[in-house]
Amino acid sequence: MAAARRIVIENCAIATVDADDTEYASGHVVVAGSRIESLGAGKAPEDLENVVRRIDATGHLVTPGLVNTHHHFYQWITRGLATDHNLFNWLVALYPTWARIDERMAYSAAQGSLAMMARGGVTTAMDHHYVFPKGSGDLSGAIIRAARETGVRFTLARGSMDRSEKDGGLPPDFAVETLEGALAATEATIDEHHDASFDAMTQIAVAPCSPFSVSTELLAQGAELARRKGVRLHTHGSETVEEEQFCKELFGMGPTDYFESTGWLGEDVWMAHCVHMNDSDIAAFARTKTGVAHCPSSNARLAAGIARVPDLLAAGVPVGLGVDGTASNESGELHTELRNALLINRLGPHRESALNARQALRLGTYGGAQVLGRAAEIGSLEAGKLADLVLWKLDTLAHASIADPVTALVFGAAAPVTLSLVGGEPVVENSRLLHVDEDAVARSTREAAQRLARIAAQA
């Protein structure tokens, strides 16, 4: 059997984000095949065999690849709209447009979303796609194809909606599925695309959209489906005050109690936002190990509020970071969420002690891996784990006077990505994607946005 090809990175600062937060001011990482073989202080051994690339990374910081835990790729082609709305008004304004997407648009939007994340250090992406208009084609297949072409690890949370306007929900009637249709299509997506292996590139989660767009039956039966198939569960939860009022009026209880009544708390579940949670809600998440995708920029954009991230972490709740859809976070980057998570949480009651730079980095790496159920494989730099890592350039004007590299990465301007590896394979070099043409993607997404706007205007 041929020896694994090795890539050696040395003379760099390293933040492993392991259980001890081990760091090296100047160290090395050795990648053998798809995995991290070794790492430590100083230079790598000179006598390693089959080294195909040796990188002098002076002036750089190596971290685990960033892990995104919540997104809506299709929104890339509706960026910059309804910019002064709260969540419910924003949804009402945009659902009629979103309900006109088709397979070609979904593919272009996924390309744009993935490209923006990957060039900014994301090595594991996630998309919660829940809009499946009748006759729109194979949207899930198109999104998965875009992720495969970009070269990143990917979780598709196959969403669904069955509560439309006629049922008291927000989506147009023609944009939702039936209960039976949603469950059948979700199961078919799992059967076709889910890979449960250690080094899986594509995984599927069951993901009814939200309490105000799905029926109780879809939530309950979706949970049963996920557990029967051995996949994770994802939805939106406790995002706004209006959602809490909606749940109390319709179900006679708050969102967390409602989710628990439908089987939607557990270590195989993660929810987006979780802004409006009381102490009892946080205790329930901690008791059940239910995860949270914290989306600070989107929460601010839609004036949803400040999630109690320090309290969630103190209680032992798994927390990762999410870009959220680019119609509520137009930058589309996860790296900016490291900084925004830290800064926005310091506006809350914990003030300057809310989060520090290393906690923010952990949210974007190991925390995300926990939330996606992949902490044994990714999220930290440790021997035996998959070689998903990022080499950040910190010796330019933007960071030159910040002595601590982790502080520079989190507090400073967006750092250029010199190299990004996914399973030991380069995805980004010198801030450019290797597997897709960024300029072509920009043209394609611009055309898709224009086409969608024309169709929606004619409807």
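Each remark here, short or long, concerns the structure printed above.
An account of the accompanying structure is given in this report.

1. Some thoughts on the side chain of Thr155
Step number 1: Along the chain, Thr155 turns up in strand S8 (residues 153–160).
Step number 2: The residues contacting Thr155, other than those within four sequence positions of it, are Ala125, Met126, Asp127, Gln203, Ala205, Trp270 and Leu372.

2. A short note on unusual backbone geometry
Step number 1: For Val17, which is not glycine, the phi dihedral falls at a positive 55 degrees.
Step number 2: Along the chain, the position of Val17 falls in the loop between strand S1 (6–15) and strand S2 (23–32).
Step number 3: For Lys289, which is not glycine, the phi dihedral falls at a positive 60 degrees.
Step number 4: According to the relative accessible area criterion, Lys289 is partly exposed, its value standing at 40%.

3. Examining the layout of surface pockets
Step number 1: Reported here for the largest pocket is a volume of approximately 240 Å³.
Step number 2: Lining the largest pocket are 13 residues, and of these Trp76, Arg79, Val441, Ala442 and Thr445 sit closest to its centre.
Step number 3: When residues of the lining of the largest pocket are traced back to their parent elements, those giving at least two are helix H2 (103–118) and helix H14 (438–458).
Step number 4: At 6 residues, the largest contribution of residues to the lining of the largest pocket is made by H14.
Step number 5: For the lining of the largest pocket, the class distribution of residues is 7 nonpolar, 2 polar and 4 charged.
Step number 6: In this structure, the second largest pocket occupies an estimated 150 Å³ of space.
Step number 7: Forming the walls of the second largest pocket are Leu313, Gly316, Val317, Pro318, Val319, Gln359, Arg362, Leu363, Tyr366, Gly367 and Gln370.

4. Side note on empty space enclosed by the protein
Step number 1: For the structure shown, the criterion picks out 2 cavities of 30 Å³ or more.
Step number 2: Taken as a whole, the largest cavity holds about 130 Å³ of empty space.
Step number 3: Forming the boundary of the largest cavity are 17 residues, of which Leu87, Trp90, Leu91, His236 and Glu239 lie nearest the centre.
Step number 4: In terms of residue count, the dominant contributor to the lining of the largest cavity is helix H1 (residues 87–98) (4 residues).
Step number 5: Partitioned by chemical class, the residues of the lining of the largest cavity number 8 nonpolar, 7 polar and 2 charged.
Step number 6: For the lining of the second largest cavity, the residue count by class is 3 nonpolar, no polar and 3 charged.

5. Some words on the pattern of salt bridges
Step number 1: Per the counting criterion, the structure on display carries 25 salt bridges.
Step number 2: A salt bridge links Asp102 to Arg451, with the shortest nitrogen-to-oxygen separation between them at 2.4 Å. Residue Asp102 is located in the loop between H1 and H2, and its partner Arg451 is located in helix H14; the two are separated by 349 residues in the primary sequence.
Step number 3: Note on Asp102: relative accessible area 18%, which makes it buried.
Step number 4: Measuring nitrogen to oxygen at the nearest pair gives 2.8 Å for the salt bridge that ties Arg153 to Asp388.

6. So, the packing of aromatic side chains
Step number 1: Scanning all chains against the criterion turns up 10 aromatic pairs.
Step number 2: Measuring from ring centre to ring centre gives 6.4 Å for Phe246 and Phe251, while their planes differ by 80 degrees; the resulting arrangement is edge-to-face. The same class applies to Phe246 as to Phe251, namely buried.
Step number 3: The ring of Tyr107 has Arg145 lying over it, and the distance from NZ or CZ to the ring centre is 4.0 Å.
Step number 4: It is Arg158 that lies over the ring of Phe132; its NZ or CZ is 3.6 Å from the centre.

7. Here's the deal with the side chain of Glu243
Step number 1: Structurally, the position occupied by Glu243 is in helix H6 (residues 241–251).
Step number 2: Within the buried set, Glu243 has no salt-bridge partner at all; the shortest N-O distance to an opposite charge, 11 Å, is to Arg163.
Step number 3: Polar contacts involving the side chain of Glu243 include one to the main-chain amide nitrogen of Glu239, which spans 2.9 Å.
Step number 4: When neighbours within four sequence positions are excluded, Glu243 is seen to be in contact with Phe88, Pro211, Phe212, His236, Gly237, Ser238 and Pro255.

Thresholds applied
Residues numbered from 1 in each chain as written. Predicted model: local features only at pLDDT ≥ 70, side-chain atom pairs only at ≥ 80, totals over all residues. Heavy atoms only, no water. Helix = DSSP H or I, 4+ residues; strand = E, 2+ residues; numbered from the N terminus. Contact = heavy atoms within 4.5 Å. Buried < 20%, exposed > 50% of the residue type's maximum accessible area, 1.4 Å probe, protein only. 1 Å grid on protein atoms, 1.4 Å probe; cavity = no way out; pocket = protein on both sides within 12 Å on 5 of 7 lines; lining within 4 Å. Points joined across faces, edges and corners; volume = space filled by probe spheres on them. Nonpolar A, V, L, I, M, F, W, Y, C, P; charged D, E, K, R; others polar. Salt bridge = Lys/Arg side-chain N within 4 Å of Asp/Glu carboxyl O. Phe/Tyr/Trp six-rings, centres within 6.5 Å; stacked < 30°, edge-to-face > 60°. Lys NZ or Arg CZ within 6 Å of the ring centre and 35° of its normal. Lys, Arg positive; Asp, Glu negative; His and termini not counted. Polar contact = N/O pair within 3.5 Å; in protein donor to acceptor, adjacent residues only side chain to side chain.

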